[in-house]
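Take a look at the letters that make up each chain.
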Amino acid sequence: VVVIGICSIFIKMGSYQPYLQSLKELLHVTDAQLTTVSDRMLQDMTYGLQLSRKSKTQMEMLPSFVDSLPDGSERGAFIGLDLGGTNLRVLLLTLSDPVDNGSKPVADIKSESFKVTKDLLEGTSAQLFDFIAEKMASFAHKNGLVGKKLPVGFTFSFPFDQDRINHAILKAWTKAYHIKDGVGDDVVQMLHDAIARQGDLNCEVVAVCNDTVGTLVSGVAEDQNCQIGLIVGTGTNAAYLEKVSNIESVESQGADRWMCVDMEWEYFADTGCLDQFLTEFDKQVDASSPMPGQFIFEKMISGMYMGEIVRSILCKLAKVDNLFAGNISETLATTDAFLSRYVSDITEEAIAEHGKTEVVTKILSSVGVTPSSEDVVIVQLVCEFVSTRAAHLCAAGVSAIARKIKANHPDENDLVITAGVDGSVYAGHPTFDTMLEDKTAQLCSAHGVKVQFIHAKDGSGKGAALIAA
Ligand code: BGC
């Protein structure tokens, strides 16, 4: 299998057009460079925890005030709300006594998802929160919860400042949200106001958390060793468990306290620290994005941009390298026409799994292009280059977190920690998880720490309910 694999890569390499070869080099981040990225992120994490952080790093390193984790003793019914990049999920988590002398409570989850429409993404905060309250009410009606006073945990996938667990001042709308107001306001208050306007509901939002924090907490319910929560979906970000004594903005009340810190790593490269890796395509994607110059790290990794990077490359290849016989369809020429989902579907593994090379042709014909067999291989390779770079940059970030956690446990040799991960890219791309895992292992190998990854599927909403619990 290895020999056949190497031969087939060799054959493909042989047929590379010169531009494609240089593209491969352009999108390749070497191990030495990834180590530098990891070092830089580790340094920025430390800066970000200091009160004098502002000039030193763009990463927020926000204390979440989630300072206790599920230990299996939680019981009762809790509502989890999860507002993500594209969907709102409402769930009811019921935790009851373990069966057969087990230690974990029996968790029953009923949930429903709703698409956040373009109108809402571009409307006002009141419209968005009214939508959330309305969907909560319809969920409550369907599940016989009307009139019951249930605690709500709210996952809100944006950066916000907290001074307690149920108070969150919104710092920015990110991803595809272009809401005109709400920044500077308390997210919990906005939700309570919408619940009051809705009229039918009787619930109290007892906790609000970022999706990475929710994912970390739901990871802990699966594996007590989970100390990292990672999202690679429409957006990307990570949270981890930090010693309170290291967080300057939080009063430390004893050496042993820990708290989840929401890194907001999508801001990491906004200092310009990754500028050397930015290709003309990254710059193009950034320039045509609603927030140029911001979220550069996220733009190199997450699902909101991955398809667009591939699309820009394909258009260039059609122009300079005769891809698609030089024809760029009207659709392919349109911003965001090439979905990140296609990048996942187009990888060789996905094709092998589905047993049909027609996958590529079908996707390309949906953007108005009829590829030759050589075009198909080239498109596959472009998708591979872009998603490999994303996974490797993500691994550099995870390795920095692992090293930070290791530094907090200096006496533990060969520390093994778990990362709970979710998001459409992580879950939908057939090799992203393996690439992330392998590269993280490699980058951590010299630092006496290992990271195990678990897929915390739909973890952020469940995590919010668990935090409420
Ligand atoms: C948001 C983060 C979030 C991440 C993953 C980013 O765009 O700013 O707060 O955790 O996406 O959803």
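See the structure printed just above.
Residues numbered from 1 in each chain as written. Predicted model: local features only at pLDDT ≥ 70, side-chain atom pairs only at ≥ 80, totals over all residues. Heavy atoms only, no water.

Caption draft 1: Local environment of the pattern of salt bridges. One pass over the full model with this rule turns up 22 salt bridges. The partner of Asp39 in a salt bridge is Arg403, with the nearest N and O atoms 2.9 Å apart. Within this pair, whereas Asp39 is found in helix α3 (residues 31-48), its partner Arg403 is found in helix α14 (residues 373-408), the two being separated by 364 residues in sequence. In this structure, Glu280 and Lys316 form a salt bridge, with 3.1 Å as the shortest nitrogen-oxygen distance. Taken together, the residues span a long stretch of sequence, with Glu280 in helix α8 (residues 280-287) and Lys316 in helix α10 (residues 303-321) at a distance of 36 residues. A relative accessible area of 22% places Lys316 in the partly exposed class. Each of Glu60, Asp161 and Lys171 takes part in a single network of salt bridges with overlapping partners. (Salt bridge = Lys/Arg side-chain N within 4 Å of Asp/Glu carboxyl O. Helix = DSSP H or I, 4+ residues; strand = E, 2+ residues; numbered from the N terminus. Buried < 20%, exposed > 50% of the residue type's maximum accessible area, 1.4 Å probe, protein only.)

Caption draft 2: The sheet that holds strand β10 (residues 236-243), seen in detail. With mixed pairing, six strands are arranged side by side in an open sheet as β1-β11-β10-β9-β12-β13. Edge positions in the sheet fall to β1 (62-63) and β13 (449-455), since each has one partner strand and no second. Against the sheet, α14 touches β9 (226-232), β10, β11 (258-262), β12 (415-422) and β13, its axis set at about 5 degrees to β10. (Pairing = 2+ DSSP bridges. Contact = heavy atoms within 4.5 Å. Axes fitted to C-alpha atoms, helices over the stretch in contact; angles between N-to-C directions.)

Caption draft 3: Region of the structure containing the environment of Val386. Locating Val386 in the fold gives a position in helix α14. Residue classification places Val386 among the buried residues on the basis of a relative accessible area of 1%. Each C-alpha atom, one on Val386 and one on Ile309, is 7.6 Å from the other, the two residues being 77 residues apart in sequence. Among all residues touching Val386, those that are not within four sequence positions of it are Leu27, Met306, Ile309, Val310 and Ile313.

Caption draft 4: Region of the structure containing the nonpolar core. One finds Tyr240, Met263, Trp265, Phe338, Val382 and Phe432 to be the most contacted residues of the largest nonpolar core, which totals 92 residues. With 19 residues, α14 is the single largest residue contributor to this core. Within the second largest apolar cluster, 41 residues are counted, among which are Leu88, Phe114, Leu128 and Tyr177. (Core = buried A, V, L, I, M, F, W, Y, C linked by side-chain atoms within 4.5 Å.)

Caption draft 5: Up close: unusual backbone geometry. A positive phi angle, near 60 degrees, is found at Phe65, a position not held by glycine. Tracing the backbone through its elements, the reader meets Phe65 in the loop between β1 and β2 (76-83). For Asn322, which is not a glycine, the phi torsion comes out positive at approximately 65 degrees. Structurally, Asn322 is set in the loop between α10 and α11 (340-346).

Caption draft 6: Highlighting the packing of helix α2 (residues 18-27) against α14. Contact geometry of α2 with α14 gives a least axis separation of 9 Å together with a crossing angle of 15 degrees. One way to sum up the angle between α2 and α14 is to call them roughly parallel. Two packed elements cross with a definite hand, and for α2 against α14 that hand is left-handed. Here α2 contributes Leu20, Leu23, Lys24 and Leu27 to the contact with α14, which in turn contributes Ile378, Leu381, Val382, Phe385, Val386 and Arg389. When the residues that make up the contact of α2 with α14 are grouped by side-chain class, the tally is eight nonpolar, no polar and two charged. (Parallel < 35°, antiparallel > 145°, perpendicular 65-115°, else oblique. Left-handed = near helix turned anticlockwise from the far one by under 90°. Nonpolar A, V, L, I, M, F, W, Y, C, P; charged D, E, K, R; others polar.)

Caption draft 7: Highlighting the side chain of Asp262. Here Asp262 shows up in strand β11. Of the side chains with opposite charge, Lys171 comes closest to the buried, unpaired Asp262, at an N-O distance of 9.8 Å. Within polar-contact distance, the side chain of Asp262 engages the side chain of Asn237 at 2.8 Å. (Lys, Arg positive; Asp, Glu negative; His and termini not counted. Polar contact = N/O pair within 3.5 Å; in protein donor to acceptor, adjacent residues only side chain to side chain.)

Caption draft 8: The packing of aromatic side chains, seen in detail. What the rule picks out here adds up to 13 aromatic pairs. For the ring pair Phe129 and Phe154, a centre distance of 6.4 Å and an interplane angle of 85 degrees mean the geometry is edge-to-face. Note that Phe129 is positioned in helix α5 (residues 125-142) and Phe154 in strand β5 (residues 150-156), a separation of 25 residues in sequence. In this pair, the class of Phe129 matches that of Phe154, namely buried. Members of the aromatic cluster, connected to one another through ring pairs, are Phe129, Phe154, Phe156, Phe158, Phe160, Trp173 and Tyr177. Sitting above the plane of the Phe158 ring, Lys175 keeps its charged end 5.0 Å from the centroid. (Phe/Tyr/Trp six-rings, centres within 6.5 Å; stacked < 30°, edge-to-face > 60°. Lys NZ or Arg CZ within 6 Å of the ring centre and 35° of its normal.)

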